[in-house]
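Architecture at a glance
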Amino acid sequence: DSVNKAAAVLKKFKLFSASLICMAGNVMDGTEEFPRLHQWLWSGADRIIIHAPVDQEKLSGLGLKNGVCIPVGSDERFWRSAKCKVSDTLQPVVSVGADRDRDYQTLFLAAARLPQLKFIVCCGQKNVEGLNIPDNVEIKINVSALETREILSKAVMIILPLSETYRASGQLSMLDAMLMGKPVIISKTRGVTDPYGLKDEKNVLLAPAGDPESLIK
């Protein structure tokens with residue numbers, strides 16, 4: 001998003017004339033207290049591709065009509081080519097994702113009360129810094145797509161805990177897991193439910209954000 005905004009500034013100052021199409025993961029980037037600055041910046045783009053209606057609303061609130069909402073897609077051939085593996089050993093509950101909206105604290109609180117289950121979390125180092133990690137949780141840092149696919153193939157279930165930050169988040173991990181035919185529990189946040197019209201117990205299992213009790217149930 002920082003590259004998008006830098007390009008928009010250059011376009012505003014007429015330093016290039018080509019059409020500018022930006023793909024923005026987050027329109028405001030947590031700095032909603034500067035709406036006029038965002039309006040000025042994003043007005044430099046001819047089109048802004050965003051991934052959730054909630055970001056479309058942000059652009060509309062700035063008086064901009066250059067936003068186009070296109071939900072994230074995934075590589076169907078890559079994820080469906082993996083053979084799901086059934087083992088006599090305990091199949092893990094897996095969680096993946098390294099963006100800042102992951103709420104692994106909530107997941108760990110639930111995992112601590114489910115010692116009979118094994119959890120694997122694939123994330124970034126910053127996602128788990130300062131958190132109490134239960135003994136039944138294995139952390140894997142910065143794993144590749146191939147390794148992630150291998151881990152997902154062995155999972156009994158995927159849990160994607162998210163904070164409600166009113167931006168697109170968790171979409172790609174959810175789609176990857178669904179393409180592999182895995183049951184998914186995901187936090188009910190606008191950035192993931194709105195783009196796909198997800199229905200609880202039909203497409204996925206939706207859990208209130210920040211609620212470990214709902215994950216345990």
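Worth saying up front: this structure is predicted, and the values here are computed from it rather than measured. (Residues numbered from 1 in each chain as written. Predicted model: local features only at pLDDT ≥ 70, side-chain atom pairs only at ≥ 80, totals over all residues. Heavy atoms only, no water.)

Remarks on the nonpolar core
The biggest cluster of nonpolar side chains holds 23 residues, and the ones touching the most others in it are Val94, Ile158, Met174, Val184 and Ile186. Looking at this core, the elements with two or more residues in it are β4 (93-96), β5 (119-123), α7 (145-153), β7 (157-160), α8 (171-179) and β8 (184-187). Once residues lying within four places of it in the same chain are set aside, the contact partners of Ile158 are Val94, Leu152, Ala177, Lys182, Pro183, Val184 and Ile185. Core analysis: the second largest hydrophobic core is formed by 16 residues, Tyr104, Val137, Ile159 and Ile185 among them. (Core = buried A, V, L, I, M, F, W, Y, C linked by side-chain atoms within 4.5 Å. Buried < 20%, exposed > 50% of the residue type's maximum accessible area, 1.4 Å probe, protein only. Helix = DSSP H or I, 4+ residues; strand = E, 2+ residues; numbered from the N terminus. Contact = heavy atoms within 4.5 Å.)

Some details on the pairing of β5
Across a regular strand the side chains alternate sides, sitting on one face of the sheet and then on the other. Burial within β5 is extensive, with 5 of its 5 residues counted as buried. On β5, burial covers both faces: Phe119, Val121 and Cys123 on one face and Ile120 and Cys122 on the other are all buried. Note: β4 against β5, 4 bridges, orientation parallel. By the bridge assignment for β5, Val96 is matched with Cys122. For β5 and strand β6 (residues 137-141), the ladder comprises 5 bridges, and the chain directions are parallel. Within β6, the position partnered with Phe119 by the bridge is Val137. (Pairing = 2+ DSSP bridges.)

Side note on the pattern of salt bridges
Summed over the entire model, instances satisfying the criterion amount to 11 salt bridges. Glu57 serves as the salt-bridge partner of Arg190, at 2.7 Å between the closest nitrogen and oxygen. On the criterion of sequence distance, the pair formed by Arg190 in helix α9 (residues 190-196) and Glu57 in helix α3 (residues 53-61) is long-range, its members being 133 residues apart. Judged by its relative accessible area of 25%, Arg190 is partly exposed. Judged by its relative accessible area of 44%, Glu57 falls in the partly exposed class. Close ionic contact of Asp101 with Arg167 constitutes a salt bridge, the shortest N to O distance being 2.5 Å. (Salt bridge = Lys/Arg side-chain N within 4 Å of Asp/Glu carboxyl O.)

Notes on helix α5 (residues 104-112)
Turning to α5, its buried residues number three or more, namely Tyr104, Thr106, Leu107, Phe108, Ala110 and Ala111. Contacts made by the buried residues of α5 are with β4, β5, α6 (125-128), β6, β7 and α10 (212-216).

Describing a nonpolar patch on the surface
Residues Leu10, Phe13, Leu15, Phe34, Leu37 and Trp40 make up a contiguous nonpolar surface patch of about 620 Å² in total accessible area. On the secondary structure map, Phe34 appears in the loop between β1 (21-23) and α2 (35-42). Among the residues examined, Phe34 registers a relative accessible area of 46% and is labelled partly exposed. (Patch = residues over 30% accessible without salt bridge, like charges linked within 9 Å, V, L, I, M, F, W, Y side chains within 5 Å. Areas by Shrake-Rupley, 256 points an atom, 1.4 Å probe, with all protein chains shown as cover.)

With respect to the environment of Ile139
Within the secondary structure, Ile139 sits in strand β6. Judged by its relative accessible area of 25%, Ile139 is partly exposed. It is 9.2 Å that separates the C-alpha atoms of Ile139 and Gln125, two residues lying 14 residues apart in sequence. The contacts of Ile139, once residues within four sequence positions are left out, are Phe108, Val121, Cys123, Val128 and Ile133.

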